[in-house]
Amino acid sequence: MAKQDRTFDALIIGGGHNGLVAACYLAKAGFQVCVLERYIGVGGAAYTQEIHPGFHLSEGSYVLSLMPRGILDDLGAWDGIELIGRNPRFFMPFPNGRSLVAWEDQERFLAEIAKFSPKDAANYPYYDAFVEKAAAVMDKFVLRQPPTFAEFAAEFGSPEDARVFQKMILGSAADVAEYFFASEQMQAVAVAFGLIGTFRGPRDAGTAYVKLYHSMGNVTGKRGQWAYVKGAMGSVSQALANAARREGATILTGKEVAQVCVLDGRVTGVVTTDGEEFHAPVVLSNADPKRTYLKLVDAADLPAEFVRDIEAIQMDSPVMKLNLAMEELPRYNGLANDEQYKARTGGVFIGPSIDYLQRAYEDARSGRPSDYPLMSVHTQSAVDPSVAPEGKHTLSIFTQYFPYELAEGTWDERREEIADHALNRFAEYAPNVPGAVVARQVLGPPDIEARFGLTGGHIFQGELVPEQAFDLRPVPGSRTYEGPIRGLYLCAAGAWPGGCVMGAPGHNAAHEAIANLRAGQHR
């Protein structure tokens, strides 16, 4: 590459979805942008991987849920993104063969709840309104610079709002579940979304906020509704990459950044692992805060207190991901053949009670893989035949709790054994599954770290809890996306508002960088 080609207005470290969103906005604003992606293709965790000939799975993330529609509208990125509805939204089986089906139609869903508790069915609309109140407040702050905790809390002014704040922001997922529901089954339903990707138990403070976070999306136009994307999640990344290229952005793959270059407190560019230099007055890092500031930046260029705060970020992953090529779909106990469809359109949650989930967490906290893990199961091929050969299927199992560091042995020694055990626990609900596996990909926390560059294997680049949110994300006092080095911005999940395939951190960081570039602050 000629030297003149290595100089840009802005460089993006990492071609994950947030990095691509940032690249789109910067290029659209007229700046010369280059995205440097370490892998063979863009997308980060939103990547479609062919794990066996003809079987394509969302390798990391598995549904589109939280991305504001306005981002895709702004960027003209809908081309190539076909949302596939999920009705029912999810299916939750229980050990005794009973199950709960979350239909899109509320009356049908309430009838399902009433099978377990008429009182819970009567309470559900109040619970739904409770969550909606908190989600509506979140809407005000998602596409902007990080708010202070006080700014956010001020939105909950009335006595009723204070109750929402106490439960949904400060409380545990179990607090909320037990406040509204009496049956063990509905309590489990309400708790499950508060644990996704989080190394905390259902009774730990902060998990209600995780529940809220996963409930606030409206990418389909309906609050809290998740969707598959035709061709799996890589389709989202490809659509964003295409939009960035249309605006003139350069995207290079197989280019891993080794160092961020700093001179007199200002960023000057980056050097890749193959020794190539790229120059720019602005660098946006799609890498997590620890990787960005502890590995890519020289500690001498950072305040010591800032380094300590970065080191203190909670970033231990509880997640294992199983991606499987299948001869056939799971067949669930308690469902007749003509009822199996109920478990195939949306997700399947396995975690039948708060106590079950608490024990799963306690196992991992002691360094042991969960004996009876939480599972979020998806069979996209049932509604999207493009991802598997004709008559065959895909199966994704997002499961926790599985510690990064095991009390006994290593992941290299135990990976297959741990995966086998989890699959056998799933078979207690769908006995045909182990015998139907054609091929599989097992990603424990160290594998997630290695594949996606996520420190600790943490899918959110740090716990999504109140003490790591608002202007406390990534560290206390983070009112902007630009840290202590002028021109170096965080643009991914480790910054406000956080993780999932959302794009908001990329949107926000890009807009801040654009404003600063136009103001001449990065000359």
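Going by the structure above, here's the rest.
What counts, and at which threshold
Residues numbered from 1 in each chain as written. Predicted model: local features only at pLDDT ≥ 70, side-chain atom pairs only at ≥ 80, totals over all residues. Heavy atoms only, no water. Helix = DSSP H or I, 4+ residues; strand = E, 2+ residues; numbered from the N terminus. Rg over C-alpha atoms; globule rule 2.2 N^0.38 Å. Buried < 20%, exposed > 50% of the residue type's maximum accessible area, 1.4 Å probe, protein only. Areas by Shrake-Rupley, 256 points an atom, 1.4 Å probe, with all protein chains shown as cover. Pairing = 2+ DSSP bridges. Axes fitted to C-alpha atoms, helices over the stretch in contact; angles between N-to-C directions. Contact = heavy atoms within 4.5 Å. Parallel < 35°, antiparallel > 145°, perpendicular 65-115°, else oblique. Left-handed = near helix turned anticlockwise from the far one by under 90°. Nonpolar A, V, L, I, M, F, W, Y, C, P; charged D, E, K, R; others polar. Right-handed = clockwise from strand over helix to strand, strands pointing away. 1 Å grid on protein atoms, 1.4 Å probe; cavity = no way out; pocket = protein on both sides within 12 Å on 5 of 7 lines; lining within 4 Å. Points joined across faces, edges and corners; volume = space filled by probe spheres on them. Core = buried A, V, L, I, M, F, W, Y, C linked by side-chain atoms within 4.5 Å. Phe/Tyr/Trp six-rings, centres within 6.5 Å; stacked < 30°, edge-to-face > 60°. Lys NZ or Arg CZ within 6 Å of the ring centre and 35° of its normal.

**Re the overall build of the protein**
Across its full length, the protein holds 17 helices and 19 strands. Relative to a compact globule of 523 residues, whose C-alpha radius of gyration would be 24 Å, the protein shows 22 Å and is just as compact. The C-alpha extent of the protein, read off along each of the three principal axes, is 65 × 60 × 45 Å. By residue count, 63% of the 523 residues in the protein fall in the buried class. Accessible surface computed for the protein: about 18,900 Å², of which carbon and sulfur atoms make up 47%.

**Overview of the sheet that holds strand β14 (residues 319-326)**
Strand order in the open sheet made by the seven strands is β7-β6-β15-β16-β17-β14-β18, with mixed pairing throughout. The outermost strands of the open sheet, each flanked by one partner alone, are β7 (99-102) and β18 (437-443). Along the sheet, successive strands turn relative to each other by an average axial angle of 20°, direction set aside. Along the sheet face, helix α3 (residues 106-114) touches β6 (90-93) and β7 and points at about 165° away from the line of β7.

**So, the packing of α3 against helix α4 (residues 118-142)**
Contact geometry for α3 and α4: axes closest at 7 Å, N-to-C directions at 135°. Relative to α4, α3 is oriented oblique. Along this stretch, α3 crosses α4, giving a crossing that reads as right-handed. Between α3 and α4, the contacting residues are Gln106, Phe109, Leu110, Ile113 and Ala114 on the first element and Pro118, Asp120, Ala121, Tyr124, Pro125 and Asp128 on the second. For the contact of α3 with α4, the residue count by class is eight nonpolar, one polar and two charged.

**Examining the pairing of strand β1 (residues 10-13)**
A two-sided burial pattern is seen for β1, the buried positions comprising Ala10 and Ile12 on one face and Leu11 and Ile13 on the other. Of the strand pairs in this sheet, β1 and strand β2 (residues 33-37) are connected by four bridges, and their pairing is parallel. Across the sheet, the residue bridging to alanine 10 is valine 33, located in β2. Taking the sense of rotation as the criterion, the β-α-β connection linking β1, helix α1 (residues 17-28) and β2 turns out right-handed. Relative to strand β13 (residues 282-285), β1 is paired through four bridges, and the arrangement is parallel. Paired with isoleucine 12 across the strands is leucine 284, a residue of β13.

**Notes on empty space enclosed by the protein**
Using the criterion set out here, one finds three cavities of 30 Å³ or more in the structure. Lining the largest cavity are His56, Leu57, Ser58, Tyr62, Tyr228, Ala232, His378, Gln380, Val387, Thr394, Leu395 and Ser396. Looking at the lining of the largest cavity, the elements with two or more residues in it are β4 (55-58) and β17 (393-400). Per-class residue counts for the lining of the largest cavity are six nonpolar, six polar and no charged. Quantified by volume, the second largest cavity comes out at close to 40 Å³. If you trace the second largest cavity, you find it lined by Pro93, Phe94, Pro95, Gly97, Arg98, Asn333, Glu428 and Tyr429.

**Here's the deal with the nonpolar core**
Counting 177 residues, the largest nonpolar core has Leu26, Leu284, Tyr332 and Phe426 as the members making the most contacts within it. A total of eleven residues in this core trace back to one element, the largest contributor, which is α4. Ignoring anything within four residues of it in the chain, the contact list for tyrosine 332 reads Phe91, Gln340, Ala343, Val348, Val377, Phe426, Tyr429 and Ala430.

**Quick word on the sheet that holds β1**
Judged by pairing direction, the sheet is parallel, and its five strands sit side by side in the order β9-β2-β1-β13-β19 without closing on themselves. Because the sheet does not close on itself, it has two edges, and the strands there are β9 (250-253) and β19 (488-490). Averaged over all neighbouring strand pairs, the angle between strand axes comes to 20°, with direction disregarded. As defined by bridge partners, β13 adjoins β19 across three bridges and the pair is classed as parallel. Along β19, the bridge assignment pairs leucine 284 with tyrosine 489. Strand contacts of helix α11 (residues 289-296): β1, β13 and β19, with the helix running at about 150° to β19, the strand carrying the most contacts.

**With respect to the layout of surface pockets**
A volume near 880 Å³ is recorded for the largest pocket. Gly44, Ala45, Phe452, Leu454 and Ile459 are, among the 50 residues lining the largest pocket, the residues nearest its centre. Secondary-structure elements contributing two or more residues to the lining of the largest pocket are α1, β2, β10 (257-263), α11, β14 and α16 (445-452). In terms of residue count, α16 provides more of the lining of the largest pocket than any other element does, three residues in total. Partitioning the lining of the largest pocket into residue classes produces 25 nonpolar, 17 polar and eight charged. Lining the second largest pocket are 28 residues, with Arg89, Tyr124, Asp128, Arg223 and Gly224 positioned closest to its centre.

**Side note on the pairing of β7**
The side chains of a regular strand alternate, residue by residue, between the two faces of the sheet. Here β7 shows a buried face lined by Ser99 and Val101 and a second buried face lined by Leu100 and Ala102. Relative to β7, β6 runs antiparallel, the two sharing four bridges. Its bridge partner lying in β7, phenylalanine 90 is registered against alanine 102. If you look at the hairpin formed by β6 and β7, you'll find five residues sitting between the two strands, and glycine 97 has a positive phi there, around 95°.

**Let's talk about the side chain of serine 376**
As for its position among the elements, serine 376 is in strand β16 (residues 374-378). Residue serine 376 is classed as buried on the basis of its relative accessible area of 3%.

**Let's talk about the packing of aromatic side chains**
Under the criterion given, the structure shown has 33 aromatic pairs. Ring geometry for phenylalanine 90 versus phenylalanine 349: centroids 5.9 Å apart, planes at 80°, classification edge-to-face. Pair noted here: phenylalanine 90 is in strand β6 and phenylalanine 349 is in strand β15 (residues 347-350), with a separation of 259 residues, a long-range link. By way of ring pairs, the aromatic residues Phe90, Phe109, Tyr124, Tyr127, Phe130, Tyr179, Phe180, Phe181, Phe193, Trp226 and Phe349 are connected into one cluster. The side chain of arginine 451 reaches across the aromatic face of tyrosine 39, ending 3.5 Å from its centre. Positioned above the aromatic ring of tyrosine 47, the side-chain terminus of arginine 451 is 5.2 Å from the ring centre.

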